[in-house]
Amino acid sequence: HKRIVVIGAGIVGCSIAYYLSKMGQRNITVIEQGPLFETGGSTSHAPGLVFQLSFSKILTTLASQTVETFKELSTDEQRSFYPVGSLEVARTSERLEDLKRKAGVASSWGIEAFLLSPQECAEKNSLICPERICGGLYVPSDGIAKPLHAVDKMTRFSKECGVEFYGHTEVTNIEVTNGQVKAVYTSAGKFEADVIVCCAGFWGPRIGEMVGVTIPLQPMAHQYVFTNDLLELNGETEETATPLIRDQDNAIYFRQVEKGLGIGSYQHEPFPVELSDITKYGETKEMPSVKPFTPKDFEKPWEDAMELIPALKQAGIKKGMNGIFSFTPDGMPLLGESQAVGGFWVAEAIWVTHSAGVARQMAEWVMNGAPTVDLELCDINRFDTYACSPVYYKQRSIEEYEEVYSIHHPFMQRKVSRNMRVSPFYMRQQELKAYFNEKAGWEQPQWYEANYPLISTYEKKMVIRKGWSAEYWSPIIEAEQLHTRQYAAIYDTTAAKKRLEIKGEGALQFLQKLTTGNIDITVGQSIRTCMLHERGGIKDQITVIRKNISTFLIVCTGAVEASWIQKHVPQDGQVVFQDVTSGTCSIALIGPKATGVMKSVVQRSDLSRTWLQGQAKTLFIENSSVLALRDSYGGMESWELITTSDQGLNLWDLLIEQGQPYQLIAAGDRALENLRIESFSLKSGKDFWSEHHPYEVNLHEMVDLTKPVFIGKEALLDRQRKDSETVLATLILDDPSAIVMGYEPVFYGETALGFVTSAGYSYSLGKGIVHTLLSQAVHEEMVLEVEYFGQRYKATMMTHSPAVV
Ligand code: FAD
């Protein structure tokens, strides 16, 4: 058994020790600086509201698994969970629309939820004044968690399995040798460790510093008050019996606490807290995780609260606090093993709501090499270097706090920490009046206002977007998409993927082990293949280009995949790994005229020989040394051109200049995405992820079972023998004016069969097109429906690729 040390005995640390024990792991020690188990961390005062449903599939899954665990641990004598249900109320018509959308994802993610009228909301919780709301979303399985009760149950079990808990013991340092953790130093001595799981809550960054790993979270104070008793709750005997209420338009939430209420508010200005300002346990009367209440900040939330719940007027506030917990730059938890230090695992920035679900997945990850559900969006390695700057993660976490209850459009952009990374084409893109979004820190053009005149050319064909789908959108996108189909366009793909160079004597052997395809291709060839994790799930779909006999360029999805590859690099010096993303840039030249443009910029001798699809060559385009890959995108001719950042601008200018006779334009990422969707191409991380294996998502061709070994092979063979749980299907929306955005549920009659992954518009068919993940096979004759804002749209399964216009 590995020796595992868990740092922190809050809900997260205790749940992880519990799940590791349940899975048979022994040799676990939990170290806690405060007393056991009311430690003084965030868990000690967590009011425990559990709203499971979110637009994020993974967070909803983790929350449902938490509810499942807490319910299992609940007994009549000691309740760990009160399934009282929840009501999210809408004060505005915009919010009501958002709740309709949320009711849709409830069906997508398999959570029971009901849209209720104001009167029906008041029937569920009679404290609500129905005149103040437009409606609400009721989730019966939500409720109140009692984390300390759950901790009590879990730690009893863990102790029986031999887990040792040390209270009043502070971790002061960590020993790392050859990039691998060795021991934990504490106020009570040294503990040898093969694996350390950092569950130190908002103290996490301090533990990270001990091993040189950035844990990008920001401690933030958040207001929570207890009211005096309400006459209306006079007869109550339970601690809590009425549904939770969330009034997101006013950034407040409510729960019953015996005869009174507990009310939390995100309305105030964010209060970031510095770790140096946090007291040690016992230094003051308050717990370290509690700052003094600032009543002035609660004046407006209190007025809003009384408006929604008039019974509060006679109750008044009993006491309040500004409690501290963690925020991250993207609102997601920080999970997994750090790429930089072997054996250093992190489980940070986790709400009680997701705690036991996270613990279950973390235990599987530590013990089996991968979790059951895809945790890419929570992976600690998802941040590039720029995101490890304290300025960045503080600014972004504050913004995250401010926006926590906002209505989130999928294309909504971040306001702070912009212009962190720009491609060499940025200057020209600004001249073309690009509308930028941020992607992995890069400014990425979505469309160019300079292309506005194209609208009049394509107007007749273009679909008119309205409402939600027209927000953060421009008809220029449709024009760019249509123009690419007719002529050609260049797309800045610098931000879209990561570029890695793998070289050395052992490079081929390493890549053979890492991927499912046969990488022993001729120099100048490329191959699209999969990387699987240890349990046979798809870690990523990548492109490998053999530049010379022992040098390969890998194009993978992002930082998580890049760090995964790096982690597997053998330490014998035979393989050199280099992330060349920031030092390079890439342009995709796409369209029926793309090869014409290429012919006018490269030496004739370079194009004179047969250059087949999938072949790559390093050549000169004027003075720029460019790696050119002939490909196809959206069923069209395409060229991927990769060069160093210093040469990028020259390349761009030359293409634009020489492309003029071909009507070449620069076009943005949204058009590129639409071209992908309408041509049936699936994207790793978007249409399938590590929960799926290649046979499930039609990637058989990328697997070469004749290879003796590759990571995940055994598990894949095992999974292949079982029935698949997932079916991919592409559907066409019958109504030509219908457009959806992604994650909408797909119904057959009243049964939700699954959900939309990517959604776009096919100009060849003149209809909306969606990729879906379904739980059962469908066929063309079945009348399927996609639900969008509460409306059902008829959809038909497609059996063949749409013709290219
Ligand atoms: P903690 O409970 O803080 O545990 C971390 C532990 O690590 C601490 O006990 C600490 O003492 C220990 N530790 C740190 N450093 C060291 C060291 N060097 N050596 C040894 N031990 C160390 N979540 C919800 O889901 N629903 C809610 O309704 C909700 N409401 C909230 C309201 C308020 C006011 C606040 C502040 C938080 C709320 N949360 C809510 C968030 C939730 O409380 C936290 O996210 C959760 O409790 C975090 O659990 P944890 O185990 O990660 O952290």
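Residues numbered from 1 in each chain as written. Predicted model: local features only at pLDDT ≥ 70, side-chain atom pairs only at ≥ 80, totals over all residues. Heavy atoms only, no water.

Notes on the site of the ligand
Phase 1: Neighbouring the ligand are 34 residues; E32, T39, T43, I350 and T353 lie closest to it.
Phase 2: Here an oxygen atom of the ligand and a backbone polar atom of V12 are 3.1 Å apart.
Phase 3: Within the side chain of E32, an N or O atom sits 2.6 Å from an oxygen atom of the ligand.
Phase 4: Surface burial for the ligand is 97%, taken as the share of its 1000 Å² of free accessible area covered by protein chains.
Phase 5: Every element with two or more residues in the shell around the ligand is listed here: helix 1 (11–22), strand 14 (218–227), strand 20 (317–327) and helix 8 (352–368).
Phase 6: The biggest single contributor to the shell around the ligand is strand 20, with three residues.
Phase 7: Taken together, the residues of the shell around the ligand sort by class into 18 nonpolar, 14 polar and two charged. (Near = heavy atom within 4 Å. Polar contact = N/O pair within 3.5 Å; in protein donor to acceptor, adjacent residues only side chain to side chain. Areas by Shrake-Rupley, 256 points an atom, 1.4 Å probe, with all protein chains shown as cover. Helix = DSSP H or I, 4+ residues; strand = E, 2+ residues; numbered from the N terminus. Nonpolar A, V, L, I, M, F, W, Y, C, P; charged D, E, K, R; others polar.)

Some thoughts on the domain arrangement of the chain
Where interface size is quoted, it is often the accessible area lost as the parts come together.
Phase 1: Entries for the chain in the domain assignment read domain 1 (4–202 + 217–327) and domain 2 (726–805).
Phase 2: Of the residues lining the interface, nine residues belong to domain 1; the matching set on domain 2 comes to ten residues.
Phase 3: Joining domain 1 to domain 2, the criterion identifies zero salt bridges.
Phase 4: Counting across the interface, domain 1 meets domain 2 through one residue pair in polar contact (both at pLDDT 80 or more).
Phase 5: With eight residues, the top contributor of residues to the side of domain 1 that touches domain 2 is helix 3 (residues 93–109).
Phase 6: Its residues assigned to classes, the side of domain 1 that touches domain 2 comprises two nonpolar, three polar and four charged. (Domains from an automatic or database assignment. Contact = heavy atoms within 4.5 Å. Salt bridge = Lys/Arg side-chain N within 4 Å of Asp/Glu carboxyl O.)

Details of helix 3
Phase 1: Here helix 3 is 17 residues long and its end C-alpha atoms lie 24 Å apart, about the 24 Å a rise of 1.5 Å per residue gives.
Phase 2: The set of residues buried in helix 3 consists of R95, D98, L99, R101, K102, A103, G104, V105, A106, S108 and W109.
Phase 3: Where helix 3 ends, the next residue or the one after it, G110, has phi of about 80 degrees, a positive value. (Expected span 1.5 Å × (residues − 1). Buried < 20%, exposed > 50% of the residue type's maximum accessible area, 1.4 Å probe, protein only.)

Focus on the side chain of N451
Phase 1: Within the element layout of this structure, N451 appears in the loop between strand 24 (442–448) and helix 11 (454–458).
Phase 2: Exposure remark for N451: the relative accessible area of 9% places this residue in the buried category.
Phase 3: N451 has contacts with I476, E480, I665, A666 and A667, leaving out every residue within four places of it along the chain.

Some thoughts on the pairing of strand 22 (residues 344–348)
Phase 1: Along strand 22, five of the five residues are buried, which leaves the element largely enclosed by surrounding structure.
Phase 2: In terms of strand pairing, strand 13 (residues 195–198) meets strand 22 through three bridges, oriented parallel. Directly across from V197, in strand 22, lies its bridge partner W345.
Phase 3: Counting the residues in the hairpin turn of strand 21 (residues 334–337) and strand 22 gives six residues, including G343, whose phi is positive at 85 degrees. (Pairing = 2+ DSSP bridges.)

A look at the packing of aromatic side chains
Phase 1: On inspection of all chains with the given rule, the structure shows 28 aromatic pairs.
Phase 2: Ring centres of Y224 and F226 lie 5.2 Å apart, and the angle between their planes is 90 degrees; this geometry places the pair in the edge-to-face category.
Phase 3: The class of Y224 is buried, set by a relative accessible area of 3%.
Phase 4: Plain terms: the ring middles of F327 and Y401 are 5.0 Å apart, the flat faces sit at 55 degrees to each other, and that makes the pair tilted. In this pair, F327 is assigned in strand 20 and Y401 in helix 9 (residues 390–402), connecting sequence segments 74 residues apart. (Phe/Tyr/Trp six-rings, centres within 6.5 Å; stacked < 30°, edge-to-face > 60°.)

With respect to the pattern of salt bridges
Phase 1: In this structure the tally under the stated criterion is 47 salt bridges.
Phase 2: Across the salt bridge formed by R421 and D384, the nearest N and O atoms sit 3.3 Å from each other. Here D384 lies in the loop between helix 8 and helix 9 and R421 lies in the loop between helix 9 and helix 10 (426–431), a separation of 37 residues in the sequence. Both residues of the pair, R421 and D384, belong to the buried class.
Phase 3: Within the structure, one salt-bridge network assembled from shared partners comprises R396, E399, E400, R414 and E438.

Points about empty space enclosed by the protein
Phase 1: A complete count under the given rule lists three cavities of 30 Å³ or more for this structure.
Phase 2: The space that makes up the largest cavity amounts to roughly 50 Å³.
Phase 3: D374, E376, I538, K539, D540, T557, E561, S684, G685, F688, W689 and S690 are the residues that line the largest cavity.
Phase 4: With three residues, the top contributor of residues to the lining of the largest cavity is strand 28 (residues 538–548). (1 Å grid on protein atoms, 1.4 Å probe; cavity = no way out; pocket = protein on both sides within 12 Å on 5 of 7 lines; lining within 4 Å. Points joined across faces, edges and corners; volume = space filled by probe spheres on them.)

Comments concerning the side chain of T240
Phase 1: Here T240 lies in the loop between strand 14 and strand 15 (244–247).
Phase 2: Within the structure, the side chain of T240 is placed 3.1 Å from the backbone oxygen of Q256, a separation counted as a polar contact.
Phase 3: T240 has contacts with Y82, V84, I144, R255 and Q256, leaving out every residue within four places of it along the chain.

Let's talk about the state of the cysteines
Phase 1: Under the criterion given, the structure shown has zero disulfides.
Phase 2: The structure places no disulfide on C121, whose sulfur is separated from the nearest cysteine sulfur, that of C134, by 10 Å.
Phase 3: For C121, a relative accessible area of 0% puts it in the buried group. (Disulfide = S-S within 2.5 Å.)

Details of the sheet that holds strand 38 (residues 751–762)
Strand pairing in a sheet takes place through backbone hydrogen bonds and is either antiparallel or parallel in direction.
Phase 1: Spatial strand order, 36-39-38-37-40-41: six strands in a closed barrel with antiparallel pairing. Pairwise comparison of adjacent strand axes, ignoring direction, gives a mean angle of 45 degrees for this sheet.
Phase 2: In this sheet, strand 39 (residues 767–774) lies alongside strand 38 in antiparallel orientation, the contact comprising seven bridges. Note that in strand 39 the partner of S762 across the bridge is K767. (Axes fitted to C-alpha atoms, helices over the stretch in contact; angles between N-to-C directions.)

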